[in-house]
Amino acid sequence: TPEVTPEVTPEVTPEVTPEVTPEVTPEVTPEVTPEVTPEITPAPSFTTDISEVKFDSKEVGYKEAPAAVTINVSNTGNVKLTGIAVSVSGNEFTVSAPSASELEANANQSVSFTVAPAVGLAAGTYTQTVSIKTDQTDYLNIPVSFTVTEAAAKLTAVGKVSDISLANGVEKSAAGLQLPSTVKITTNKGDMNASVKWDVKGSAYNQNSTEAQKFSVKGTVALPDGVTNPDNLSLVVSVNVTVSRGSIVSDAGNNSITGISSDGNYTTETKITFTAVGAGMDIENPIKGDVRYQPLNWEVLEARSWDGAPYSATFRMGKNGNYTLTVTYNQQQFDGSNWVNTGTQDTKQVNFTVNAAPNQTLTPAADKTDANQKNAVKTGDNTPILPFVIILIVAIVLIVGILVYRNKKK
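In short, a report on the structure. (Residues numbered from 1 in each chain as written. Predicted model: local features only at pLDDT ≥ 70, side-chain atom pairs only at ≥ 80, totals over all residues. Heavy atoms only, no water.)

1. Regarding the pairing of strand 19 (residues 272–277)
A one-sided burial pattern is seen for strand 19, the buried positions being Ile-272, Phe-274 and Ala-276 and the unburied ones Thr-273, Thr-275 and Val-277. Bridge count between strand 17 (residues 256–258) and strand 19: three bridges; the pairing is antiparallel. Within strand 19, the residue paired with Ile-257 across the bridge is Ala-276. Summarising the sheet, strand 19 and strand 22 (residues 312–315) pair through four bridges and their orientation is antiparallel. Bridge pairing in strand 22 links Phe-274 to Ala-313. (Buried < 20%, exposed > 50% of the residue type's maximum accessible area, 1.4 Å probe, protein only. Helix = DSSP H or I, 4+ residues; strand = E, 2+ residues; numbered from the N terminus. Pairing = 2+ DSSP bridges.)

2. Considerations on the sheet that holds strand 4 (residues 69–75)
Here four strands make up an open sheet; going across it, the order is 1-4-7-6 and the pairing antiparallel. Edge positions in the sheet fall to strand 1 (46–48) and strand 6 (93–95), since each has one partner strand and no second. Recorded for the sheet is a direction-independent mean angle of 25° between the axes of neighbouring strands. The sheet contact formed by strand 1 and strand 4 spans three bridges and is antiparallel. Within the sheet, the bridge partner assigned to Phe-46 lies in strand 4 and is Asn-75. (Axes fitted to C-alpha atoms, helices over the stretch in contact; angles between N-to-C directions.)

3. Regarding unusual backbone geometry
Of the consecutive residues Ala-309 and Pro-310, the connecting peptide bond is found in the cis state with omega at 0°. Take Pro-310: it is sitting in the loop between strand 21 (303–305) and strand 22. The phi angle at Gln-178 is positive, at roughly 60°, despite the residue not being glycine. You will see that Asn-285, though not glycine, has its phi angle at about 50°, which is positive. Along the chain, Asn-285 falls in the loop between strand 19 and strand 20 (291–299). What makes Asn-285 exposed here is its relative accessible area of 66%.

4. What to know about the pattern of salt bridges
With the rule as written, the count across this model stands at five salt bridges. For the salt bridge of Lys-80 with Glu-104, the shortest nitrogen-to-oxygen distance reads 3.3 Å. Here Lys-80 is found in the loop between strand 4 and strand 5 (85–88), whereas its partner Glu-104 is found in the loop between strand 6 and strand 7 (110–117), with 24 residues between them in sequence. With relative accessibility at 39%, the residue Glu-104 sits in the partly exposed group. In this structure, the salt-bridge partner of Lys-348 is Asp-346, at a minimum N-O distance of 2.8 Å. (Salt bridge = Lys/Arg side-chain N within 4 Å of Asp/Glu carboxyl O.)

Purely spatial values, then, with no claim about function.
Structure below.
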């Protein structure tokens, strides 16, 4: 194998960069401007901590004025203030002298004075001006005001509301119940009218009832302006209301017969007692327009009438059979003075059966038609009448004999 001669890489000589010498800039000394002290212009000024004063009102005749108000003055300028003075534009207010007459500039201090209304002013509103001045400034004005009111009327009593009577059915409202809108009140300055708010909703009145009603309605009085209640008198009033009942129109359907059973069974020895009940016959203190049904007569085999209450009767049937008790009622209307028949009638009936008593043999009625023939209704007992008739005849004969005997002796 032949030898390989390695390839020789020639050396590279690096390029040398020459050094650069920096250029030197000479230092510049700045020009110094001398300080200028500014000239201060005097500017006097001041302010107050209150810009307006309003005093609470007093009632005429007041003995003590409202508490005085303190006003503080502060120096807001750059000049000392001297000759501080305070004045007021009228005699209705008084001001005190300032606490000092001078006030340094830029000082954490103030000068104060007070202002108050005078005592004994008449009723009215007073507005004046409090002026503050110094030797270095003009006036600074503060408005002040105070009101003296008229003497208030003092409540001494609340009047009573008269009772109210109405017809039934009126609307459940203050207007419907005719409640007054005002009530009389008494003050130290005389009588006045005060409005009242009624609690109609809370009353017991029932607009839909036809019965007479008695109830009360409460109300609250609102005092007029200028009237005070220093004694805390009750402002609650009450009115009694009476509502008369409406007309009662009794229903014929309420007519009835009591004491006898419908479809009942009785014997020939049974005494049957019944009562006719007329609708509305229990109306007390009737008013015009009331309607009732008065029992007129009753009938089993023959008709019997009533002259008046009680509307009852007793009878006994001598034959067995089926019977019908009929009661007739007259409709009556009250005209304001009397009950008057209207011409309308109503009837009620009760069917019943009579059977022969035990140990008694009776000839039964042929049918219902025979049983309802017009025969006498036995309403008494069975005591024999013949002995009494004989005794009566004997007595008459004796009387006649005595009279004849006396005549012969004469």
